[in-house]
Amino acid sequence: MFIPQVDVPTLSSSRPSIIPPLQLDNTYHLSFDASGVVGLLGGDDAVSAMAAVHIYGNQRWSGWYNTPGSFQIAKRLSSLAKSVSLRGHQTLFTRSVDTDPTALFGAVDCKGPKFRAAQSGTVIRETGYVATLLMQECAALDSEGRVVPGRRSHPVEITIANLGAAPEPEVHLARSSAFTRLFASVPIAVSICTCVLCTIYGDWCASLLILVGIVANGISCLILGSADFLFTHPRPAEGSPAGDGILCSGNDFVLLIGPEGAVNSITRGTFSLHFSTKAHYLIRWCSVLFFIQCITQLLLISQASLFGQVMFLTSLGVSALYNARLSSWDKEKIHRKLMFKRVLENLTLTKYTLGTRTTAVVFMLLVLRPKDATVLLNKLLPNDTKVWKQWKATILERLRQSHVESQSHIESSSESEIGGLHGFTQTEQRLLHNLHEDTRAAYDGYRDYPQGDSQ
């Protein structure tokens, strides 16, 4: 078979190449594509760090650094300015206005445990943030407290909170720490140094970006830090009865013992920021500053040199680490210290662990001595069978007496009541016996209750 040969033309070196050769010269500049994210990342931590000026006193001058998250901060400050403005229109005849810090923190309203007053019968189905802090403080106690001997099925923890004297209706809160001031000097020093280095290097774009960030964050912290961080609670009416009552959350109970004003500080107390009536204008301009910072970063970051971009990102990186560290601190723990060291200075906590809910309810009735024990007993123990009704009637009769019965009398009366009952099965009599055993355990625990002792 004949196979024809095909001549394959060779590429001549003189023929132009389809792919042009890569040209390298000294005019080519490497550019980071960071312009789309520098104004968006790290916003939550930055807002949390900015809000910390109210938790750590004398920190209003600690915000002079280039912080990330300018777009998110601008939105939060805009919301805060609107909140202050709306409240200001509602108080036209005052020189100042209060606003909820959650408008800045971005938190939702905290629903606290249910409260029931023992003397007045007042019921607050949802308390607030301060009551939640007290429940956390009681839960943070190291041990089980005083374990009351007796039958054990589902142990219940009861903390008796002796509140002491009622605090002032308005308390200024501030916390100063030399460590936080020293800690804040790190991002400030890095931002200033990187700005100066960019100026010396001749990169005015990067220098301007860092400077705008320093000015925006510094002025905003200065204005927000000018607000007073307050704790307020309503003043009780003249002649109000004792405010003793129960905070209930699941199987955990806290008994509030103290005057009405002290109990109001727990059940109705709030934290607030106290701004001047013109503050919303200044806060709104701070929001504008951060929007300007975000736009400036979008336009100029790609125009900076490689050295300037490295310096700019270095300042943002150090500031982001500082914001993350500051926002990671347990602010609720700091709030508890402020509340229970500055507001309720004489607070003492005594924890008890009781073996059954029945024992716990009788113990609470003995401590509180409510005017209408029937309502409180039925709310805490809604059981309404024949055995429970018989036991409740016995307990209510004893609570009406002027003093606590002795243990021997309780035991003998309980056994005689069990033996003399007609129409009860053996199972019902065993249940009634267990209920009276729980009653005696509650009396024993109440005898050991030292007023004002703390665990």
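Residues numbered from 1 in each chain as written. Predicted model: local features only at pLDDT ≥ 70, side-chain atom pairs only at ≥ 80, totals over all residues. Heavy atoms only, no water.

J.: Please clarify how the state of the cysteines should be interpreted in this entry.
T.: Following the criterion strictly, the structure yields 0 disulfides and no others. The thiol of Cys286 is unpaired, and the distance to the nearest cysteine sulfur, on Cys221, comes to 9.0 Å. (Disulfide = S-S within 2.5 Å.)

J.: Explanation requested: the packing of helix 12 (residues 373–380) against helix 13 (residues 386–399) in the structure shown.
T.: When two helices pack together, their arrangement is given by the angle between the helix axes and by the axis-to-axis distance. Relative to each other, helix 12 and helix 13 sit at 140°, their axes nearing to 10 Å. Taken together, the axes of helix 12 and helix 13 are oblique relative to one another. Between helix 12 and helix 13 lies a crossing whose hand is right-handed. Counted together, Ala373, Thr374, Leu377 and Asn378 of helix 12 and Trp391, Lys392, Leu396 and Leu399 of helix 13 form the full contact between these two elements. Class assignment for the residues of the contact of helix 12 with helix 13 results in 5 nonpolar, 2 polar and 1 charged. (Axes fitted to C-alpha atoms, helices over the stretch in contact; angles between N-to-C directions. Helix = DSSP H or I, 4+ residues; strand = E, 2+ residues; numbered from the N terminus. Parallel < 35°, antiparallel > 145°, perpendicular 65-115°, else oblique. Left-handed = near helix turned anticlockwise from the far one by under 90°. Contact = heavy atoms within 4.5 Å. Nonpolar A, V, L, I, M, F, W, Y, C, P; charged D, E, K, R; others polar.)

J.: How should I be thinking about a nonpolar patch on the surface in this particular structure?
T.: There is a patch of nonpolar side chains on the surface, built from Ile192, Val196, Leu197 and Ile200 and spanning about 370 Å² of accessible area. Mapped onto the elements of the fold, Leu197 is located in helix 5 (residues 178–201). The class for Leu197 is partly exposed, based on a relative accessible area of 39%. (Patch = residues over 30% accessible without salt bridge, like charges linked within 9 Å, V, L, I, M, F, W, Y side chains within 5 Å. Areas by Shrake-Rupley, 256 points an atom, 1.4 Å probe, with all protein chains shown as cover. Salt bridge = Lys/Arg side-chain N within 4 Å of Asp/Glu carboxyl O. Buried < 20%, exposed > 50% of the residue type's maximum accessible area, 1.4 Å probe, protein only.)

J.: What should I look at first to understand unusual backbone geometry in this one?
T.: Across residues other than glycine, the phi torsion is negative in most instances, and most of the peptide bonds are trans. For Arg369, which is not a glycine, the phi torsion comes out positive at approximately 50°. Summarising the element assignment, Arg369 is placed in the loop between helix 11 (357–368) and helix 12.

J.: Just checking my understanding: could you explain the pattern of salt bridges for this structure?
T.: One side chain can pair with another of opposite charge once the charged atoms of both are near each other. One pass over the full model with this rule turns up 5 salt bridges. With a closest N to O distance of 2.5 Å, Arg151 and Asp438 form a salt bridge. Here the residue Arg151 occupies a position in the loop between strand 4 (146–147) and strand 5 (156–162), and Asp438 occupies one in helix 15 (residues 426–447), the gap between them amounting to 287 residues. By relative accessible area, Arg151 is classed as partly exposed at 36%.

J.: Would you take a moment to explain the confidence of the model for the protein chain for this structure?
T.: Detail in the predicted coordinates should be disregarded across regions flagged by low pLDDT. With 76% of its residues at a pLDDT of 70 or more, the protein chain shows a mean pLDDT of 77. Per-residue pLDDT, averaged within each element of the protein chain, yields its smallest value for helix 14 (residues 407–419) (45) and its largest for strand 9 (residues 252–257) (91). Of the regions scoring below 50 in pLDDT, residues 10–33 engages in 8 contacts with residues more than four places distant in sequence or in other chains. Counting interchain partners and residues more than four positions distant, the pLDDT-below-50 stretch residues 402–416 has 19 contacts. (pLDDT = per-residue confidence, 0-100.)

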